[in-house]
Amino acid sequence: AELTSSVTERPVDDNAHMLLRFARGARGALWTSQVAPGHENALRIRIYGEAGGLAWEQESPDRLLHSPFGQTSRVMTRGSAAAGPAAARARRIPAGHPEGYLEAFAQLYRDAAELIRSRSENREANADTALLPDVHDGLRGVRFIEAAVRSSRNNATWVKLPPV
């Protein structure tokens, strides 16, 4: 990881470049920045593997580009059958209407409320709540940030994350 601040007096880093190695051999790159002019909140996720690739951009949240190897890429849209049952459950308004950032928080709150309600009623929670982040996910996130800071302070050396 290389963490930098574009303003010398700024007390926190505002730009990070990271290379990632995953346990089963996958590789990744992560760039996060608060100083990228022309990008309002350009969160992009791209995943490439043996079967092809997926690409998603927060500024066009209703679209997912699916590019299987040897086939024509296709755009999967929110609300279509291709999005699958988990996406259908999380949808709040019909396709064609903008939905995204605020609704993501509503989904988290709904699932958290279901977990709380199920515990107070002494019953099993709806299986869909399994996608909700838990305290272990939060701990993994904090450890990831700590490792990035440690790597950057040591001239971008590789840092292995401890198991959770």
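Above this note sits the structure.
Residues numbered from 1 in each chain as written. Predicted model: local features only at pLDDT ≥ 70, side-chain atom pairs only at ≥ 80, totals over all residues. Heavy atoms only, no water.

### A word on the pairing of strand E4 (residues 44–49)
Consecutive residues of a regular strand have side chains that alternate between opposite faces of the sheet.
For step 1, the next point in the chain: With six bridges connecting them, E4 and strand E5 (residues 52–57) associate as antiparallel partners. Across the sheet, the residue bridging to Arg 44 is Glu 57, located in E5.
For step 2, the next point in the chain: Counted between consecutive antiparallel strands, the loop separating E4 from E5 contains two residues. (Pairing = 2+ DSSP bridges. Helix = DSSP H or I, 4+ residues; strand = E, 2+ residues; numbered from the N terminus.)

### Things to note about the packing of aromatic side chains
For step 1, the next point in the chain: Going through the model one piece at a time under the given rule, you end up with one aromatic pair.
For step 2, the next point in the chain: A ring pair is formed by Phe 105 and Tyr 109, whose centres lie 6.5 Å apart and whose planes are at 35°; its orientation type is tilted. Placement of both Phe 105 and Tyr 109 in helix H2 (residues 101–120) is noted, with a separation of four residues, approximately one turn of the helix.
For step 3, the next point in the chain: The exposure class assigned to Tyr 109 is exposed, which follows from its relative accessible area of 58%.
For step 4, the next point in the chain: Here the guanidinium or amino end of Arg 21 rests over the ring plane of Trp 158, the centre of that ring lying 3.7 Å away. (Phe/Tyr/Trp six-rings, centres within 6.5 Å; stacked < 30°, edge-to-face > 60°. Buried < 20%, exposed > 50% of the residue type's maximum accessible area, 1.4 Å probe, protein only. Lys NZ or Arg CZ within 6 Å of the ring centre and 35° of its normal.)

### Some points on helix H3 (residues 135–153)
For step 1, the next point in the chain: Taking 1.5 Å per residue, 19 residues should reach 27 Å; H3 reaches 27 Å between its end C-alpha atoms and fits that length.
For step 2, the next point in the chain: Among the residues making up H3, those that are buried are Ala 147, Ala 148 and Ser 151. Mapping the buried residues of H3 onto a view down its axis gives an arc of 100°, with all of them on the same face. Looking at H3, the residues exposed on the side facing more than 90 degrees away from the buried face are Val 135, Ile 145 and Arg 153.
For step 3, the next point in the chain: The elements touched by buried residues of H3 are strand E1 (2–4) and strand E2 (15–21).
For step 4, the next point in the chain: Two to three positions downstream of the cap, the backbone nitrogen of His 136 sits 3.0 Å from a side-chain oxygen, assigning the N-cap of H3 to Asp 134. (Expected span 1.5 Å × (residues − 1). Arc of directions from axis to C-beta. Contact = heavy atoms within 4.5 Å. Polar contact = N/O pair within 3.5 Å; in protein donor to acceptor, adjacent residues only side chain to side chain.)

### Some remarks on the side chain of Gln 107
For step 1, the next point in the chain: Checked against the element boundaries, Gln 107 lands in helix H2.
For step 2, the next point in the chain: Sequence-distant contacts of Gln 107, that is, excluding residues within four places in its chain, are made with Arg 89, Ala 90 and Arg 92.

### Concerning the sheet that holds strand E6 (residues 63–68)
For step 1, the next point in the chain: Strand order in the open sheet made by the four strands is E4-E5-E6-E7, with antiparallel pairing throughout. The open sheet has two edge strands, E4 and strand E7 (74–77), and neither has a second partner. On average, each strand axis in the sheet is tilted by 20° relative to the strand beside it, whichever way the strands run. (Axes fitted to C-alpha atoms, helices over the stretch in contact; angles between N-to-C directions.)

### Quick notes on the nonpolar core
For step 1, the next point in the chain: Counting six residues, the largest nonpolar core is built from Ala 1, Leu 3, Ala 16, Met 18, Leu 20 and Ala 148.
For step 2, the next point in the chain: When residues in this core are grouped by element, the largest group, three residues, is from E2.
For step 3, the next point in the chain: Ignoring anything within four residues of it in the chain, the contact list for Ala 16 reads Glu 2, Leu 3, Leu 30, Trp 31 and Thr 32. (Core = buried A, V, L, I, M, F, W, Y, C linked by side-chain atoms within 4.5 Å.)

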